[in-house]
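Here's the letter readout for the chains.
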Amino acid sequence: YELLVLCAESGKTLAAEGGKGGSNQGCYFACAPETPDYAELGTMIAHAIGREKVFRWHMPGFMPWIVAGANELIGRLRKSSSPLRIDKIREARAASWACSCERAQAELGFAPAKTLAEQLADTARWYRDAGWLK
C-alpha cells in the first residue's frame, strides 16, 4: 500500500506508447531488500512455518535433473505429483528470479516495514489461521 501511494505522489510514469523513455520507466518493485538463493529461501520458509531443522541436500550439477526426472516419471506412473519435478529444478537453477527494490528506495524513499523473514512469518501465520497450514 505504501509504495502505491509513493508512486502516485512522486513516481515516474510509463512512457506513452511509441513515446520516448526507457521501457522500465515508472516500474517499481515492492519487495524486501534481501535476495536469498533458492535453498536459503526454502530454509527461511521452513523456519517461518516452525521447522527448526531443515534438510538440504547438495547435489552435483546434473544430479538434480536426474532425481527430478525420476520423481516425475514415478509420479506419472502412480498418477500423483511429486514436489521435486523438472520445472522446480529449472526454477531453482535460474540465474536471477528475485526483484530489486533499489529503484523504489532511491527514487521514492520506499523501505519495507518488515524483513523478508518477518513477512514470511506473517504469511505462515495467515495460512495457519486460514486452516491451510497445520
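Quantities reported herein were computed from a predicted structural model and do not represent experimental measurements.

Visitor: Explain the overall build of the chain to me, please; I cannot follow it from the model alone.
Guide: The helix and strand inventory of the chain stands at six helices and zero strands. Helices and strands in the chain line up, N terminus first, as α-α-α-α-α-α. Compactness check: the chain gives a C-alpha radius of gyration of 20 Å against a globular reference of 14 Å for 134 residues, more than 25% above the reference. C-alpha atoms of the chain, sized along the principal axes, occupy 55 × 40 × 30 Å. For the chain, with 134 residues in total, the buried portion stands at 18%.

Visitor: Where do I start with the pattern of salt bridges in this structure?
Guide: Working definition: two side chains of opposite charge can pair if their charged atoms are close together. Following the criterion strictly, the structure yields seven salt bridges and no others. Between E107 and K12 there is a salt bridge, with the nearest N and O atoms lying 3.6 Å from each other. Of this pair, E107 sits in helix 5 (residues 102–108) while K12 sits in the loop between helix 1 (2–10) and helix 2 (38–48), placing them 95 residues apart in sequence. Exposure remark for E107: the relative accessible area of 33% places this residue in the partly exposed category. The exposure class of K12 is partly exposed, given its relative accessible area of 45%. The shortest N-O distance in the salt bridge between R125 and D122 comes to 2.4 Å. A residue pair is termed a helical-turn pair when its members lie 3 or 4 positions apart in one helix, as R125 and D122 do in helix 6 (residues 116–129) at three residues. For R125, a relative accessible area of 46% gives the class partly exposed.

The rules we used
Residues numbered from 1 in each chain as written. Predicted model: local features only at pLDDT ≥ 70, side-chain atom pairs only at ≥ 80, totals over all residues. Heavy atoms only, no water. Helix = DSSP H or I, 4+ residues; strand = E, 2+ residues; numbered from the N terminus. Rg over C-alpha atoms; globule rule 2.2 N^0.38 Å. Buried < 20%, exposed > 50% of the residue type's maximum accessible area, 1.4 Å probe, protein only. Salt bridge = Lys/Arg side-chain N within 4 Å of Asp/Glu carboxyl O.

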